[in-house]
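# Results of the structural survey
Chain residues, written in single-letter form:
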Amino acid sequence: MNKRFALALNAALAVVLVYLFFSSLDFASIASVLAGARLEWILPAITLYYALQLTTAFRLKWLSASVGAPASLSRVFWAHLAGMLFSDYTPGRSGYAFFVVKAREWGLKAQQGARVFGVSLAADFFTRGVFAAVSVYLLFESIESLAFASAFLLAGSVFALWSLAAKRAALSNLLPRVPWFGGKLSFFYEDVFSKRIPARLVYLNVGVSFVGAFLRGLEWMCLAAALGHPLALNELVLFAAFNSVLTALSFVPFSVAGLGLQEGAGALFFSTALGLDLAFAAALMVLVRLVEAACNLAGLKSLMR
């Protein structure tokens, strides 16, 4: 498929999703809630969001060093933010792969970058699988299909971590048998996994993902407080679980960073779990999108160098 056509199609679908999101709710009510947002709570949310990105940069720095391409935290942080900036405007957040391009500046080869990217993403999706199960418990205890979906996500993430942490003989033997492109996959796998990532670093990687989920949960709680919802630390697990699942929707490939899809599902989640007015919950999701996209604009610094 022509790349320009594919991008245009995704942009059109994003516009449709946004239209469906706002047309199904009272836009004036959402705007009214957003107009009352308090800056004293938005500033801590911004601080927490950057703390999350700094934590992720630490992880990427450790993973880069583990495959033989050490770099300063500053270089990794700004390359990561540049990737985040691109991810806000690309289908399935595929633009984050720009991090791999920027990482060449400190000697991280494409194969190594793909591995660092893969292990980091696998750890995040492992965390999302765990929190998806928590979300099912919090919202949909009786719906077996959602419980199955969260279990499948968790199992897939465990497999990804297992296969990406080191070269596995089972995969090395299996990949050449895959029809059509198995040979290329096998060559890529052997090339990428010439150096093992220590098990302790894999565990640390997963731990960082859980820390990140709670940092983002606190960020979203601050944004909810900015709109008038009382800050209650007993809701932290709920916010961490929901943000993990909802941000996973931004990786759906037919939408630009989950635009419209994430907001609609988030409004439903928070409205159901916390008994919030639907317009308030929708305003929270819009504010999350605006604040995080604005924060990612700092990635322009890396692009302008």
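Here the structure is shown first, and the text comes after it.
If you're wondering where the values come from, they're calculated on a predicted model, not measured in any experiment. (Residues numbered from 1 in each chain as written. Predicted model: local features only at pLDDT ≥ 70, side-chain atom pairs only at ≥ 80, totals over all residues. Heavy atoms only, no water.)

Now for the overall build of the chain. Summing up its helical and strand segments, the chain has 14 helices and zero strands in all. Secondary structure of the chain in N-to-C order comes out as α-α-α-α-α-α-α-α-α-α-α-α-α-α. Sorting the 305 residues of the chain into buried and exposed places 50% on the buried side. Only carbon and sulfur atoms are counted for the fraction: they give 71% of the accessible area of the chain, which is about 14600 Å². (Helix = DSSP H or I, 4+ residues; strand = E, 2+ residues; numbered from the N terminus. Buried < 20%, exposed > 50% of the residue type's maximum accessible area, 1.4 Å probe, protein only. Areas by Shrake-Rupley, 256 points an atom, 1.4 Å probe, with all protein chains shown as cover.)

With respect to the secondary-structure elements, Leu-297 resides in the loop between helix H13 (278–296) and helix H14 (300–303). Considered as a pair, Leu-297 and Ala-82 are 215 residues apart in the sequence and their alpha carbons are 8.1 Å apart. Beyond its immediate chain neighbours, meaning those up to four positions away, Leu-297 contacts Leu-85 and Tyr-89. (Contact = heavy atoms within 4.5 Å.)

One can describe the packing of helix H3 (residues 39–66) onto H13 by two numbers: an axis separation of 10 Å at closest approach and a directional angle of 55°. Overall, the two elements H3 and H13 adopt an arrangement that is oblique. Where H3 crosses over H13, the two elements pack in a sense that is right-handed. Contacts between H3 and H13 involve Ile-42, Ile-46, Tyr-49 and Tyr-50 from the first element and Val-291, Glu-292, Cys-295 and Asn-296 from the second. (Axes fitted to C-alpha atoms, helices over the stretch in contact; angles between N-to-C directions. Parallel < 35°, antiparallel > 145°, perpendicular 65-115°, else oblique. Left-handed = near helix turned anticlockwise from the far one by under 90°.)

Right, let's get into the pattern of salt bridges. Tallied over the entire structure, the rule returns seven salt bridges. Across the pair Glu-40 and Arg-38 runs a salt bridge whose closest N-O atoms are separated by 3.1 Å. Looking at Arg-38, the relative accessible area reads 37%, which means it is partly exposed. In this structure, the salt-bridge partner of Arg-216 is Glu-292, at a minimum N-O distance of 2.5 Å. Linking Arg-216 in helix H10 (residues 199–226) with Glu-292 in helix H13, this pair joins segments that are 76 residues apart in sequence. (Salt bridge = Lys/Arg side-chain N within 4 Å of Asp/Glu carboxyl O.)

By size, the foremost hydrophobic cluster in this structure holds 64 residues, and its most contacted members are Phe-99, Trp-106 and Phe-270. Top element by residues in this core is H13. It accounts for 11 residues. (Core = buried A, V, L, I, M, F, W, Y, C linked by side-chain atoms within 4.5 Å.)

What follows concerns the packing of aromatic side chains. The geometry of an aromatic ring pair is captured by the separation of the ring centres together with the interplanar angle, meaning the angle of the planes. Considering all chains together, one arrives at 12 aromatic pairs under this definition. Considering the side-chain rings of Phe-77 and Trp-78, the 5.2 Å spacing of their centres and the 75° angle between planes classify their relative orientation as edge-to-face. As far as burial versus exposure is concerned, Phe-77 and Trp-78 are alike and both buried. Here the aromatic rings of Tyr-96 and Phe-99 are separated by 5.9 Å at their centres, their planes lie at 5°, and the arrangement is stacked. In this structure, Tyr-96 and Phe-99 share a single accessibility class: buried. Here a set of aromatic residues connected by ring pairs shows up, and it is made of Trp-220, Phe-239, Phe-242, Phe-269 and Phe-270. A cation sits over an aromatic face here: Lys-301 above Trp-78, 4.6 Å from the ring centre. (Phe/Tyr/Trp six-rings, centres within 6.5 Å; stacked < 30°, edge-to-face > 60°. Lys NZ or Arg CZ within 6 Å of the ring centre and 35° of its normal.)

The values reported here are purely geometric and, on their own, carry no functional implication.
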